[in-house]
Each structure stands twice: as C-alpha cells, then as structure tokens.
Amino acid sequence: MKGAARLAPGTPSPAPAWAASDPYAAALRSGHGPLFLRRTDGWLLPLEVERWCARADPVDLEVLDRCEGAVLDVGCGPGRLVAELAARGRTALGIDVSEAAVTRTVRLGGQSLRRSVFEPLPGEGRWDTVLLMDGNVGIGGDPRALLARVAALLAPGGLLIAETAPVDVDERADVQLVGVTDAHARAAGSPFPWARIGTRALLRRAGAAGWRSAGQWTSGGRRFVALRSSRPASSSAEPPNSTAVISSQRARNPSADSPVTPA
C-alpha cells in the first residue's frame, strides 16, 4: 500500500481535517459509534468509541500502573486515562486536536490541551512517560517522525508506552473518518495521513532510532510496547508539575489550544 507524505521529525502538523468534523465530535459527545477510518481503497477500520468513552478498563489500568512520574497522553481522546491518573493524584496532561475530546476530558476532571503533538507543548524534554494508546502510534502517518518527536518530549531515560496493531503490519495510508459503512457515504473532510504498525515493526524502527526496549505484552487482545529514551541527560531539566501544566494551559490563546471549558 502506498504511504502518505511523511513529516520530518519535529515538523509542526496542522490539525487533521476531521478535528472538527461532525462524525467524530458527535461520536465522542454521544459516547458511541459507529465510527470508522476509511482508506481511499474503501477498506474500513472500526474505531472503539464506546471503549474510549467508558471508564479506564482493566487493560488500561495495567498500562497506567506501568507509568512513571508525570504522564503526557498524546491523542487523549475523551480522556479516560487522563481522568484516571488525575484521580490517582498523578501529574498528567492529555493533548488532542479535537475540541470535543478536550471538552470531555476536562469534564471528567483531567487536564487537557487542544493541540497537536507536533506543536509546542508544556514540559518539553521533562515528561517521565508518554502514552500513545488506541492506535495513536499512527498519528501523522510517519512512526519515525513521531518517535523522534516523543523522544524530544521525554526526560532522559523516559518511558514511552505505545499500543500497537493486533497484527504484524507496517503501513501508511491516507484515510478519512466516516460514521457509516456505506462506501458511498460522504466522509468528513479531506484525507489525512495515518499509520498502522505492529509490535515487531515498531521495535525495529525504534531500535534504529536509538530507543531501548523496555518490554512488550498482550492483554485483553491488545498489544503494547514499552520503550526507553536514550537521550542524554541535561543538568538543568526538571520534571513537569501540576502547577506548570495548568499555567501553560492558561498562558496560550484559549480559542486555539487551551482546555475547553465544559458547556
């Protein structure tokens, strides 16, 4: 399958066309699908909206138990993981390009920013753990670029936990979000780049980029990889804290990238 255009590491990525689309926002607001990623050849990948909008399940809790220090959830969606971490008293921030996702996260009691992972973020180089759950290792359509960006966000020796595809795959494609299975249905917005990558492929790419494997496991039919950043330590780096996260959110333009206030 032909891949989408790739991003250079650290290159800002505009919000995908689906960020404000009706199918995605409506699914998150209602808490249920159907919702699919559709490739240009018509292939459909069902999205687990109901699971995302529910409370963190036992598999999620296993992942959160492995998290260290301050946690950044990239593509946090409706915020179940950020909310659970907040309930545990942990410093955690979710980021998502969808206003509906950020709104729901805030309603659940989590801290969240409407922002792309490729845009400037609070605590860069100081996060202890970064999460790429629910297939978010596919963000931007280029795992190499995403791994490089996450490495810049993490503190030296920091932990990345990524949920990989349940099959051995390494592919990139242009996709659209659709709310029905009808191949002729109108999709939301222009196609955007996405990737699907399995455990073996991610470990291969991560190893080539200097990451150290910190484990892999399967739970509840879902697959995960843990990676350690090999970035050298900086004597001036300090971990993010709750005050810094909240202050950063308030400092920027609320119409673009601050937490959305629940209606």
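Our structure is the block above this text.
We now turn to the structure provided with this report.

The rules behind these values
In every chain, residue numbers begin from 1 and rise along the written sequence. In view of the model being predicted, local features appear only for residues whose pLDDT reaches at least 70, and side-chain atom pairs are presented and counted only at 80 or more, with totals across whole chains, interfaces and linings using the full set of residues. Side-chain measures here rest on the full set of heavy atoms in the structure, leaving out hydrogens and waters. What makes a nonpolar core is a set of buried Ala, Val, Leu, Ile, Met, Phe, Trp, Tyr and Cys residues whose side-chain atoms join them at distances within 4.5 Å. Three labels apply to residues, based on accessible area from a 1.4 Å probe with only protein chains included: buried if under 20% of the type maximum, exposed if over 50%, partly exposed otherwise in between. Helix and strand labels come from DSSP, where a helix needs a run of H or I of at least four residues and a strand needs a run of E of at least two; each type is numbered from the N terminus. Should any heavy atoms of two residues lie within 4.5 Å, those residues are considered in contact. The definitions used throughout rest on a 1 Å grid laid over the protein atoms alone, on which a cavity is an enclosed set of points accommodating a 1.4 Å probe that cannot get out and a pocket is an open set flanked by protein within 12 Å on both sides along at least five of seven lines; lining residues are those having an atom within 4 Å of a point. Grid points are joined across faces, edges and corners, and a volume is the space filled by probe spheres set on the points. Each residue gets one of three labels, nonpolar for Ala, Val, Leu, Ile, Met, Phe, Trp, Tyr, Cys and Pro, charged for Asp, Glu, Lys and Arg, and polar for the others, Gly among them.

### A short note on the nonpolar core
Point 1. If you look at the biggest cluster of nonpolar residues, it comprises 45 residues, and the most contacted ones within it are L72, V130, L160 and W211.
Point 2. Top element by residues in this core is helix α6 (residues 143-153). It accounts for 5 residues.
Point 3. Sequence-distant contacts of L72, that is, excluding residues within four places in its chain, are made with L93, I95, L121, W127, T129, V130, L131 and L153.
Point 4. Judged by nonpolar contacts, the second largest core, of 18 residues, contains C76, V82, L131 and A226.

### Some points on the environment of W43
Point 1. Mapped onto the fold, W43 is located in the loop between β1 (36-39) and β2 (44-46).
Point 2. Residues W43 and V175, spaced 132 residues apart in sequence, show a C-alpha to C-alpha distance of 9.4 Å.

### A look at empty space enclosed by the protein
Point 1. Per the counting criterion, the structure on display carries 1 cavity of 30 Å³ or more.
Point 2. If you go around the largest cavity, you meet 12 residues; those closest to its centre are R39, A173, V175, W194 and R196.
Point 3. For the lining of the largest cavity, the secondary structure elements donating two or more residues are β1, β8 (170-178) and β9 (188-197).
Point 4. Here the element with the most residues in the lining of the largest cavity is β8; it accounts for 4 residues.
Point 5. Class assignment for the residues of the lining of the largest cavity results in 8 nonpolar, no polar and 4 charged.

Honestly, that's just the spatial picture; any functional story needs more than this.
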